[in-house]
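Structure at a glance
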Amino acid sequence: MEKRRLGRTGLMVTPISFGALPMQRCTMPEAGEVLKAALDAGINFIDTARAYTDSEEKIGRYIADRRSEYYLATKSMARTKAAMLQDIDTSLANLQTDYIDIYQLHNVKTEQDWETIMAPDGALEALKEAQQVGKIRHIGITGHNLDMLIKAVKTGEFSTIQVPFNCVEQKAMDELFPLARAQDIGIIVMKPLGGGLIPYVDLALRFILQQEGLVAIPGMDKIEHVTENLAPTNDFKPLNDEEAAKLAAEAEALGANFCRRCGYCMPCVAGIDIPQMFIFYLQYTRYGLTEAIPGRYKGMKVKASACVECGECEARCPYNLPIRERMKQVAADLG
């Protein structure tokens, strides 16, 4: 499989690599099967996070003995030095490794986050200390706020950035990507399939692959995901005009204001499975499942009507979706 240089890290990684966020849904044995299948297929870069519940532990349990076959990235929501140092040690223990190739500041969203991270005794200081003693090799940053990532790139402190990018979300091409490339910063693409809502996997991933230097980390929690996601790398061909038009039409229909199923909104204080509500509504309104979806929705123990409008989910949503209003809409149409 082709490999791409991940910016100044110098790491040569597979352009379609492994996003471990969905691993949370796997049982331990299921996780082992998927991870081993990914390595067997040639994937050599795995991205996880402290926030992905037991994802780190699953990686450590099942493929720590194959550590020489893959590069490893994880990330932490810690903002202070003390909390970050603790998270780095926890990650090392969970992943059963003595070093992590890229440790990332996770979902830097607000000015307050930024100021705390960059201040004395902030999280960046911890990452630099860990780098000096060999616990981590490179420092990265992730987020959904393009302005914040542009600010981060301009500091010169980070070797990689991780950002949503797909056929719907292309704004990163305007300023962020050119700036990162000019500074030789590696670009890791999350949500290349829009959280699984872009149905044309082959076209969507070929759209990513035809961009210079990008490394995509689609989420995988089934062996068939590995096969499907790697298929576009076999005898790769850029999109032709007809395929590009088909993907553009899908992007226009989906729109920018959709749930990517990242799960940051969870848990809901009322017990609502918020991403599932969005999926049901999309299938009901867009895909014509007007008979099947009401029955499935009726079977949910907690429905959208249980929303107490506390707003905690909206504060956590990296896309600033109006979740409370959406829950009202789901409840009105589905019950």
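Being a predicted model, the structure only gives us computed values, none of them experimental. (Residues numbered from 1 in each chain as written. Predicted model: local features only at pLDDT ≥ 70, side-chain atom pairs only at ≥ 80, totals over all residues. Heavy atoms only, no water.)

Quick look at the overall build of the chain
Rules: Starting at the N terminus, helices and strands are each numbered in turn, a helix being any DSSP run of H or I of at least four residues and a strand any DSSP run of E of at least two. The reference for a compact globule is 2.2 Å times residues^0.38; the radius of gyration itself is calculated from the C-alpha atoms. Only protein chains enter the area calculation, which uses a 1.4 Å probe; residues under 20% of their type maximum are buried, those over 50% are exposed, and those in between are partly exposed.
Looking only at helices and strands, the chain features 14 helices and ten strands. Taken against the 2.2 N^0.38 rule, which gives 20 Å for 335 residues, the C-alpha radius of gyration of the chain at 20 Å falls within 12% of a compact globule. Taken over the C-alpha atoms alone, the chain extends approximately 60 × 45 × 40 Å along its principal axes. Split into buried and exposed, the 335 residues of the chain put 53% on the buried side.

Remarks on helix 5 (residues 123–132)
Spelled out, the test is: Read the arc as the range of directions from the helix axis to the C-beta atoms. Every residue pair with non-hydrogen atoms within 4.5 Å of one another is taken to be in contact.
Those residues of helix 5 that sit buried are Ala123, Leu124, Ala126, Leu127 and Ala130. Relative to the axis of helix 5, the buried residues are bounded by an arc of 155° and lie together on one face. Looking at the buried positions of helix 5, the neighbouring elements they touch are helix 3 (81–95), strand 6 (100–105), helix 4 (111–118) and strand 7 (136–142). Where helix 5 terminates, the next one or two residues include glycine 134, which has phi positive at roughly 85°.

Some details on the packing of helix 11 (residues 274–285) against helix 14 (residues 323–334)
Operational definition: The angle between two axes is taken between their N-to-C directions and runs from 0 to 180 degrees, where each axis is a line fitted to C-alpha atoms and a helix contributes only its stretch in contact. For classification purposes, angles smaller than 35 degrees are called roughly parallel, those larger than 145 roughly antiparallel, those between 65 and 115 roughly perpendicular, and all remaining angles oblique. The hand of a helix crossing depends on one turn: near helix anticlockwise from the far one by less than a right angle means left-handed, and clockwise means right-handed. Each residue gets one label: Ala, Val, Leu, Ile, Met, Phe, Trp, Tyr, Cys and Pro are nonpolar, Asp, Glu, Lys and Arg are charged, and the others, such as Gly, are polar.
Running from N to C, helix 11 and helix 14 point in directions that differ by 50°, and their axes come no closer than 10 Å. It follows from the interaxial angle that helix 11 and helix 14 lie oblique. Crossing hand, helix 11 versus helix 14: left-handed. In this structure, helix 11 contributes Ile274, Met277, Phe278, Phe280, Tyr281 and Tyr284 to the contact, and helix 14 contributes Ile323, Arg326, Met327, Gln329, Val330, Asp333 and Leu334. Taken together, the residues of the contact of helix 11 with helix 14 sort by class into ten nonpolar, one polar and two charged.

Notes on the packing of helix 2 (residues 55–63) against helix 3
At a minimum axis distance of 7 Å, the contact between helix 2 and helix 3 shows a crossing angle of 40°. With respect to helix 3, the axis of helix 2 lies oblique. Packed against helix 2, whose contacting residues are Glu56, Glu57, Ile59 and Gly60, the element helix 3 presents Thr90, Ser91, Asn94 and Leu95 at the interface.

Some details on the nonpolar core
A general tendency of soluble globular proteins is for nonpolar side chains to be buried together. Counted only if it meets this: What we call a nonpolar core is a set of buried Ala, Val, Leu, Ile, Met, Phe, Trp, Tyr and Cys residues that are connected through their side-chain atoms within 4.5 Å.
Judged by nonpolar contacts, the single largest core of 75 residues is most densely connected at Phe18, Ile46, Ile59, Met84, Leu105, Ile141 and Leu176. Per-element accounting of this core gives the leading share, seven residues, to helix 8 (residues 201–209). Setting aside chain neighbours within four positions, we find leucine 176 in contact with Leu146, Leu149, Ile150, Val153, Ile161 and Val163. One finds Cys268, Tyr297, Val330 and Leu334 within the second-largest nonpolar core, a separate group that totals 21 residues.

Looking at the side chain of arginine 326
We apply this condition: Counted as positive: Lys and Arg. Counted as negative: Asp and Glu. His and the chain ends are not counted at all. Any carboxyl oxygen of Asp or Glu that lies within 4 Å of a side-chain nitrogen of Lys or Arg is treated as forming a salt bridge with it.
Take arginine 326: it is sitting in helix 14. Despite its burial, arginine 326 pairs with no opposite charge; the closest candidate is glutamate 325, at 8.8 Å N-O.

Comments concerning the packing of aromatic side chains
Where we set the bar: The aromatic pairing rule takes the rings of Phe, Tyr and Trp, using the six-membered ring of Trp, and pairs them if the centres are within 6.5 Å, calling planes under 30 degrees apart stacked, those over 60 edge-to-face and the rest tilted. Throughout this description, the term charge over a ring refers to an Arg CZ or Lys NZ atom that lies within 6 Å of the ring centre and within 35 degrees of the ring normal.
Within the structure shown, the criterion is met by four aromatic pairs. Geometrically, the ring pair formed by phenylalanine 165 and phenylalanine 177 is edge-to-face, given 5.1 Å between the ring centres and 65° between the ring planes. On the criterion of sequence distance, the pair formed by phenylalanine 165 in the loop between strand 8 (160–164) and helix 7 (176–182) and phenylalanine 177 in helix 7 is long-range, its members being twelve residues apart. Just as phenylalanine 165 is buried, phenylalanine 177 falls in that class too. Through a chain of ring-to-ring contacts, three or more aromatic side chains come together here, namely Phe165, Phe177 and Phe207. When the ring centre of tyrosine 99 is taken as origin, the NZ or CZ atom of arginine 67, which lies over that ring, is 4.4 Å away.

A closer look at the sheet that holds strand 10 (residues 214–216)
Just so we agree on the cut-off: For two strands to count as paired, DSSP must find a minimum of two bridges between them.
Read from one edge of the open sheet, eight strands run 3-4-5-6-7-8-9-10, paired in parallel fashion. Looking at strand neighbours, the two that pair on one side only are strand 3 (18–19) and strand 10, the edges of this open sheet. Bridge count between strand 8 and strand 9 (residues 186–190): five bridges; the pairing is parallel. Counted as the bridge partner of threonine 160 is glycine 186 from strand 9.

Observations concerning the pattern of salt bridges
Applying the stated criterion to the full structure yields 26 salt bridges. With a shortest N-O distance of 2.5 Å, lysine 81 and glutamate 129 are connected by a salt bridge. Here lysine 81, found in helix 3, pairs with glutamate 129, found in helix 5; they are 48 residues apart in sequence, far enough to count as distant. According to the relative accessible area criterion, lysine 81 is buried, its value standing at 16%. Each of Arg25, Asp221 and Lys222 takes part in a single network of salt bridges with overlapping partners.

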